[in-house]
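# Tertiary structure, described
Spelled out from the first residue to the last, the chains are:
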Amino acid sequence: PLFVSAQKKKSNEVTYMVTSANLKVVDAKTEQLVNPMGLDILRPRFSWILESTQKNTFQTAYEITIAIADDFNKKSIYWMDKKNTDQSIYNQYAGPALASNTRYYWFVKVWDNHGNVATSPRQYWHTGFFNLSDWSDVYKRQYPLIILTG
């Protein structure tokens, strides 16, 4: 059996998540961390674990979706990648260049060898500063030049 859950956002947009009763995606992580902040990795890796009530279950494909907004509307989708593979650890980001100091949201949809489909809970990661100039800008905002006259 399939379960459909709906979630209503502030924008009145409703998103749906389809999950099989026989398959669950748990422990989704970015670089082995849950919702990390200040991640300074240009091509982070994603991992997850499958749980199934059926014996001899393995993943046959996955699709990672990354967005710049937590409602995953069409305009905010930054990158999607579907692969036919059983690999569920260290799946590396291969999309457009990530921006410094930006929050990205992601989830993974997984298919198994019994025809079941499951979607992970939504996760995020926040990038750190990738360039020295990013740090310089922060320093300038926190410690503006003080000019003394006298």
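What counts, and at which threshold
- Residues numbered from 1 in each chain as written.
- Predicted model: local features only at pLDDT ≥ 70, side-chain atom pairs only at ≥ 80, totals over all residues.
- Heavy atoms only, no water.
- Helix = DSSP H or I, 4+ residues; strand = E, 2+ residues; numbered from the N terminus.
- Buried < 20%, exposed > 50% of the residue type's maximum accessible area, 1.4 Å probe, protein only.
- Contact = heavy atoms within 4.5 Å.
- Areas by Shrake-Rupley, 256 points an atom, 1.4 Å probe, with all protein chains shown as cover.
- Salt bridge = Lys/Arg side-chain N within 4 Å of Asp/Glu carboxyl O.
- Pairing = 2+ DSSP bridges.

On to the overall build of the protein, then. A tally of regular secondary structure across the protein gives one helix and 10 strands. Secondary structure of the protein in N-to-C order comes out as β-β-β-β-β-β-β-β-β-β-α. With 150 residues in all, the protein has 35% of them scored as buried. Counting contacts in the protein only where the partners sit at least 6 residues apart, residues at least 24 apart contribute 60% of the total. In the form shown here, the protein has an accessible surface area of approximately 9,600 Å², with 54% of it arising from carbon and sulfur atoms.

With that settled, the discussion passes to the pattern of salt bridges. Enumeration according to the criterion identifies three salt bridges in this entry. The salt bridge involving Asp-27 is made with Lys-29; its shortest N-O contact spans 3.6 Å. Judged by its relative accessible area of 42%, Asp-27 is partly exposed.

Another point: the sheet that holds strand β3 (residues 23–30). An order of β3-β4-β7 is seen for the three strands of this open sheet, with the pairing classed as antiparallel. In this open sheet, the two strands that pair with only one neighbour each are β3 and β7 (91–92). Bridging between β3 and strand β4 (residues 45–52) involves six bridges; their strand directions are antiparallel. From the neighbouring strand, Leu-23 faces β4, where its bridge partner is Ser-52.

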